[in-house]
Amino acid sequence: MNTTSGNIPKTNRSWSAPFTRRRIMVAACLLTATGYLLMAGPGSTEQSFCADIFSARRIVLAPLLCLSGYLLIIIAILRKG
C-alpha cells in the first residue's frame, strides 16, 4: 500500500472570511468603539452637576454610531463571498 500524500487535495489555509468581509468587520468594530468613546466622559455626582451628560453627542450621535457598527457586523456576517 502506498502511503504517500500525493493524492490528498491541499486545503486553503487562509481565513474563512474573504477580504471584503474582513474589511467590513474591522470598520464596524472601529465604528462601535468610536461610539463608545464618544459616550465616555465625566458623570454627575451629588455635589456637582455636569450638564454635558445631556449633550447631543452623548445621547444621539454615540448610540447611532454603536448601532450602525452592530448592524454592519451583522451585514458582514451574513454577506456572501
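None of these values were measured; they are calculated from a predicted model.

Asks: Give me the lowdown on the overall build of the chain, citing residues and values where you can.
Replies: Across its full length, the chain carries 2 helices and 0 strands. Across the 81 residues in the chain, those meeting the buried criterion constitute 17%. In the chain, of all internal contacts separated by at least 6 residues, the share reaching a separation of at least 24 is 66%. Surface accessibility of the chain: about 6700 Å² in total, with carbon and sulfur atoms responsible for 67%.

Asks: Outline the side chain of Arg58, supporting the account with residue identities and numerical values.
Replies: Relative to the helices and strands, Arg58 resides in helix 2 (residues 56–78). A distance of 3.2 Å separates a polar atom in the side chain of Arg58 from the backbone oxygen of Gly41. In terms of polar contacts, Arg58 uses its side chain to reach the backbone carbonyl oxygen of Pro42, at 3.3 Å. Once residues lying within four places of it in the same chain are set aside, the contact partners of Arg58 are Leu38, Met39, Ala40, Gly41, Pro42, Asp52, Ile53 and Pro63.

Asks: Run through helix 1 (residues 19–39), naming residues and quoting values.
Replies: Helix length check: helix 1, at 21 residues, gives a terminal C-alpha distance of 31 Å against a target of 30 Å (1.5 Å per residue), a fit within 8%. Among the residues of helix 1, Arg21, Ala28, Thr32 and Gly35 are the ones counted as buried. With its buried residues spanning 55 degrees around the axis, helix 1 presents them on a single face. Set apart from the buried face of helix 1 by more than 90 degrees, the exposed residues are Phe19, Arg23, Val26, Leu30 and Leu37.

Asks: Could you give an account of the pattern of salt bridges, naming the residues involved and the relevant values?
Replies: Counted according to the given criterion, the structure contains 2 salt bridges. A salt bridge links Asp52 to Arg58; the nearest nitrogen and oxygen atoms lie 3.9 Å apart. You can call Asp52 partly exposed: its relative accessible area is 30%. One salt-bridge network, held together by shared partners, links Asp52, Arg57 and Arg58.

Reading guide: rules and limits
- Residues numbered from 1 in each chain as written.
- Predicted model: local features only at pLDDT ≥ 70, side-chain atom pairs only at ≥ 80, totals over all residues.
- Heavy atoms only, no water.
- Helix = DSSP H or I, 4+ residues; strand = E, 2+ residues; numbered from the N terminus.
- Buried < 20%, exposed > 50% of the residue type's maximum accessible area, 1.4 Å probe, protein only.
- Contact = heavy atoms within 4.5 Å.
- Areas by Shrake-Rupley, 256 points an atom, 1.4 Å probe, with all protein chains shown as cover.
- Polar contact = N/O pair within 3.5 Å; in protein donor to acceptor, adjacent residues only side chain to side chain.
- Expected span 1.5 Å × (residues − 1).
- Arc of directions from axis to C-beta.
- Salt bridge = Lys/Arg side-chain N within 4 Å of Asp/Glu carboxyl O.

Functional significance is not addressed by these values, which are geometric in nature.
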